[in-house]
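Coordinates in review
What follows is each chain in one-letter form.
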Amino acid sequence: MVEEALQMKRALIVLDDVVGQSQLDTLLGTSGKINPQSKIIITSREKLELPCWRCQKYEMKLLNDDESLELLCRHAFRSKIPMAGFEELVLQAIQYCEGNPLALEVLGSSMSNNTTINYWRSQLNLLEKDIHSGIQSVLIRSYMALPYNTQKELFLHIACFFIGKDVDYVIEILEPDYSAISGIQTLVNRCLLSVSPNKKLMMHRLLQEMGKNIVRQESTKFPAKRSRVWLSNDSYKILSQGEGSEKIEGLALDMKMLSKENFALKSSYLKTDTFKKMVNLKLLQLNFAEFKGSYKHVSEELRWLCWLGFHIKNRTR
């Protein structure tokens, strides 16, 4: 009956947040026969294919710096420009949001209740460790709508370890366990991931933070109980204290970065025995790390070992 009505009557129809081609077919039918005087506006977070319809597609663009500045300030200060003394802090907030209108609105509104410089600094420092729940709740819908758990796992692996990596390189590593060829295409179609002209995997900063926050929620206080550990200070503590667990599937450690940050290192060497508990470790990224001991305890599930600055001393005897 819907298809017949669309053919006979002139109508203006707005379909907001359509999820999947099948949902569109259910709402409008599959014949593609619509009254020529009708107008249908469809919004979606996915790239829908509409082969039978006379349609124009418009892809929403991120805001530029000037637009971002105005939107943030309208919600934070009820003005087009920042309050005096807040210029640098506003720029920092804009860089964090990377042109996402939702994030600018949520962040600006959350800052409007306290317009003191110390409060803004504290809030912006917090954003380096966590993501605002108002932003998370909207972004996570695209993740939750992924049809397969393997695609969700693929998204989390990419968000934590593979942004900026060559897409073919990542496919070679993750295809056997996560069907990465089709999975990456699905993530691109759902606007959760993009591939640059030089074939590097790219992701909006807030989507990456959303993915990392999903992993953080597995254990808010104990990184060793999370499936992925990407912060080098967390990784060093796990490896130096032997706190590995069967939960860990991916781990990254950059010793050179820790040295630059003046992180307190108990020893320049780590023991290989710490891998004994990580029986499900699949992804391991080490930069300038030195180990002592046998590597017989490294997980048989390991799919990727990237070790920059590997020293001859690290070879097992």
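Look up a bit, the structure's there.
Throughout what follows, the structure given in this document is the object of discussion. (Residues numbered from 1 in each chain as written. Predicted model: local features only at pLDDT ≥ 70, side-chain atom pairs only at ≥ 80, totals over all residues. Heavy atoms only, no water.)

A word on the sheet that holds strand E6 (residues 250-254). An order of E5-E6-E8-E10 is seen for the four strands of this open sheet, with the pairing classed as parallel. Edge positions in the sheet fall to strand E5 (228-229) and strand E10 (304-308), since each of these pairs with one other strand and no more. Judged from the two bridges that link them, E5 and E6 form a sheet pairing that is parallel. Residue pairing for E6: Val229 is matched across the bridge by Leu251. The sheet strands contacting helix H12 (residues 232-241) are E5 and E6, and the helix crosses E6 at an angle near 105 degrees. (Pairing = 2+ DSSP bridges. Helix = DSSP H or I, 4+ residues; strand = E, 2+ residues; numbered from the N terminus. Contact = heavy atoms within 4.5 Å. Axes fitted to C-alpha atoms, helices over the stretch in contact; angles between N-to-C directions.)

The next subject is the nonpolar core. In terms of nonpolar packing, the biggest core is built from 57 residues, with Ile158, Phe162, Leu174 and Ile184 touching the most fellow members. In terms of residue count, helix H8 (residues 149-162) provides more of this core than any other element does, eight residues in total. Each residue touching Ile184, except ones within four places of it in the same chain, is listed here: Leu154, Ile158, Val167, Ile171, Leu193 and Leu201. Grouped together as the second largest cluster of nonpolar side chains are 20 residues, Leu239, Leu270, Met278 and Leu286 included. (Core = buried A, V, L, I, M, F, W, Y, C linked by side-chain atoms within 4.5 Å. Buried < 20%, exposed > 50% of the residue type's maximum accessible area, 1.4 Å probe, protein only.)

A few words now on the side chain of Glu209. By the secondary structure assignment, Glu209 is in helix H11 (residues 205-216). In this structure, Glu209 is in contact with Ile131 and Arg216, ignoring residues within four places of it in sequence.

This part covers the packing of aromatic side chains. Taken as a whole and judged by the stated rule, the model has ten aromatic pairs. When the ring of Phe77 is compared with that of Trp120, the centres are 5.3 Å apart and the planes differ by 10 degrees; the resulting orientation is stacked. Separated by 43 residues along the polypeptide, Phe77 in the loop between helix H3 (65-76) and helix H4 (87-97) and Trp120 in helix H6 (residues 117-127) bring together distant segments of the chain. Owing to a relative accessible area of 0%, Trp120 belongs among the buried residues under this scheme. (Phe/Tyr/Trp six-rings, centres within 6.5 Å; stacked < 30°, edge-to-face > 60°.)

The geometry of helix H7 (residues 133-144) relative to H11 is characterised by a closest axis approach of 10 Å and an angle of 85 degrees between their N-to-C directions. It follows that H7 is roughly perpendicular to H11 by the angle criterion. Contacts between H7 and H11 involve Ile135, Gln136, Leu139, Ile140 and Tyr143 on the former and, on the latter, Leu206, Leu207, Met210, Asn213 and Ile214. By residue class, the composition of the contact of H7 with H11 is eight nonpolar, two polar and no charged. (Parallel < 35°, antiparallel > 145°, perpendicular 65-115°, else oblique. Nonpolar A, V, L, I, M, F, W, Y, C, P; charged D, E, K, R; others polar.)

The terminal C-alpha atoms of H3, which comprises twelve residues, lie 16 Å apart, in line with the 16 Å expected from a rise of 1.5 Å per residue. Burial in H3 covers these residues: Ser68, Leu71, Leu72, Cys73 and Ala76. Where H3 is buried, its residues touch H4, helix H5 (101-111) and H6. Of the residues that open H3, the one with a side-chain oxygen 3.1 Å from the backbone nitrogen of Asp66 is Asn64. A positive backbone phi angle near 55 degrees is found at Arg78, which sits one or two residues after H3. (Expected span 1.5 Å × (residues − 1). Polar contact = N/O pair within 3.5 Å; in protein donor to acceptor, adjacent residues only side chain to side chain.)

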